[in-house]
Amino acid sequence: MISTNGNSPKPANLIQKKVEQNLPEHVRDAITRVGELRTKLKERAPGVGGAIGKRRMRWMIDVCTSWEMEELALLDDQMIRRLLDDGWEKNAVPSPGELGARPSRQVYKTTPNVTVSGVFASTLTFIAGTACAGLFLLSRRR
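All residue numbers here refer to positions counted from 1 along the written sequence of the relevant chain. Only residues with pLDDT of at least 70 get local features here, since the model is predicted, and only at 80 or more are side-chain atom pairs given and counted; chain-wide, interface and lining totals rely on the full set of residues. Excluded from the side-chain calculations are hydrogens and water; all other atoms, namely the structure's heavy atoms, are used.

1. A closer look at the overall build of the protein chain
Condition: Only DSSP runs of H or I with at least four residues qualify as helices, and only runs of E with at least two residues qualify as strands; both kinds are numbered from the N terminus onward. Categorising residues by exposure relies on relative accessible area from a 1.4 Å probe, with only protein chains included: less than 20% of the type maximum marks a residue as buried, more than 50% marks it as exposed, and the intermediate range marks it as partly exposed. The contact rule is simple, with two residues in contact once any of their heavy atoms fall within 4.5 Å.
Looking only at helices and strands, one finds six helices and zero strands in the protein chain. Along the protein chain, helices (α) and strands (β) appear in the sequence α-α-α-α-α-α when read from the amino end. When the 142 residues of the protein chain are sorted by exposure, 21% land in the buried category. Long-range pairs, those at least 24 residues apart, make up 68% of the contacts in the protein chain with a sequence separation of at least 6.

What follows is the structure in structure tokens.
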């Protein structure tokens, strides 16, 4: 969710749509599968806070930063079991290949939808337009 604290809801909506358009198609699947992994990890290592909670959080962070988004999206129940057995239980983060993952190119293509210069130019244009509109509105109030 993008928020401007109620100051400019339409620009926030436009920014949110732009962000959503530029997310890879497999992000939704990755979020779902990581959620399933997290649930199964909590079943295997229950508890709130303390040493186990910290270890669980650190391990999930390591998995999510070690694996590509498209690899996370390809997690299936068998891979999740192996990831917990070969990873969590041994305090390691195995690679997708070590878990028998097939190359992801057959499921998802990765093509960047946005460039840094494109984002910078768009953001700068948006800010300039907002500033001009604000100055115009302020000048009309006087």
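On we go from here.
2. What about the packing of helix α2 (residues 27–44) against helix α3 (residues 50–66)?
Operational definition: Axis lines are fitted through C-alpha atoms, for helices just across the contact stretch, and the angle between N-to-C directions can take any value from 0 to 180 degrees. Between 65 and 115 degrees an angle is taken as roughly perpendicular, under 35 as roughly parallel, over 145 as roughly antiparallel, and anywhere else as oblique. The handedness criterion is simple: a crossing whose near helix is rotated anticlockwise from the far helix by less than a right angle is left-handed, and one whose near helix is rotated clockwise is right-handed. Under this grouping Gly is polar, as are all residues other than the nonpolar Ala, Val, Leu, Ile, Met, Phe, Trp, Tyr, Cys and Pro and the charged Asp, Glu, Lys and Arg.
Closest axis-to-axis distance for the α2/α3 pair is 11 Å, and the angle between their directions is 155°. Between α2 and α3, the angle falls in the class roughly antiparallel. In this structure, α2 crosses over α3, and the sense of that crossing is right-handed. In this structure, α2 uses Val34, Leu37, Arg38, Leu41 and Lys42 to contact α3, whose residues at the interface are Arg56, Trp59, Met60, Val63 and Cys64. Looking at the contact of α2 with α3 residue by residue, the classes come out as seven nonpolar, no polar and three charged.

3. Comments concerning the environment of Glu70
Secondary-structure assignment places Glu70 in helix α4 (residues 69–73). Judged by relative accessible area, Glu70 falls into the buried class, the value being 14%. For the pair Glu70 and Asp29, spaced 41 residues apart in sequence, the C-alpha to C-alpha distance is 8.5 Å.

4. Some thoughts on helix α5 (residues 77–88)
Here is the rule: By this rule, a helix spans an expected 1.5 Å times one less than how many residues it contains. By construction, the arc corresponds to the directions joining the helix axis to the C-beta atoms.
Here α5 spans 15 Å end to end across 12 residues, near enough to the 16 Å set by a 1.5 Å rise per residue. Listed as buried for α5 are Met79, Ile80, Leu83, Leu84, Gly87 and Trp88. Buried positions in α5, seen along its axis, are confined to an arc of 135° and lie on one side of it. Residues of α5 that are buried in the fold lie against α2 and α3.

5. Comments concerning a nonpolar patch on the surface
Note the following rule: For patch detection, residues must exceed 30% relative accessible area and be free of salt bridges, and they are connected within 9 Å for like charges or within 5 Å for nonpolar side chains (Val, Leu, Ile, Met, Phe, Trp, Tyr). For every accessible area listed, the method is Shrake-Rupley and the probe measures 1.4 Å; residues are considered covered only by the protein chains on display. A pairing counts as a salt bridge when a side-chain nitrogen of Lys or Arg comes within 4 Å of a carboxyl oxygen of Asp or Glu.
Taken together, Ile2, Ile15, Val19, Leu23, Phe126 and Ile127 make up a surface patch of nonpolar side chains, about 460 Å² in accessible area. Of all the elements in the fold, those that place two or more residues in the nonpolar patch are α1 (9–21) and α6 (116–141). Positionally, Ile127 belongs in helix α6. Overall, Ile127 belongs to the partly exposed group, its relative accessible area being 48%.

6. Structural notes on the nonpolar core
Here is the rule: Definition of nonpolar core: a set of buried residues of the types Ala, Val, Leu, Ile, Met, Phe, Trp, Tyr and Cys, connected through side-chain atoms within 4.5 Å.
The biggest cluster of nonpolar side chains holds 18 residues, and the ones touching the most others in it are Leu37, Trp59, Trp67, Leu75 and Leu83. Put simply, the parts of the chain that give this core at least two residues each are α2, α3, α4 and α5. Ranked by residues supplied to this core, first place goes to α5 with five residues. The residues contacting Leu37, other than those within four sequence positions of it, are Trp59, Met60, Val63, Leu75, Ile80, Leu83 and Leu84.

7. Re unusual backbone geometry
Unusually for a residue other than glycine, Asn5 sits at a positive phi of about 55°. Along the chain, the position of Asn5 falls in the segment before α1. Assessed through its relative accessible area of 71%, Asn5 is described here as exposed. Phi at Asn91 takes a positive value of approximately 55°, unusual for a residue other than glycine. Tracing the backbone through its elements, the reader meets Asn91 in the loop between α5 and α6.

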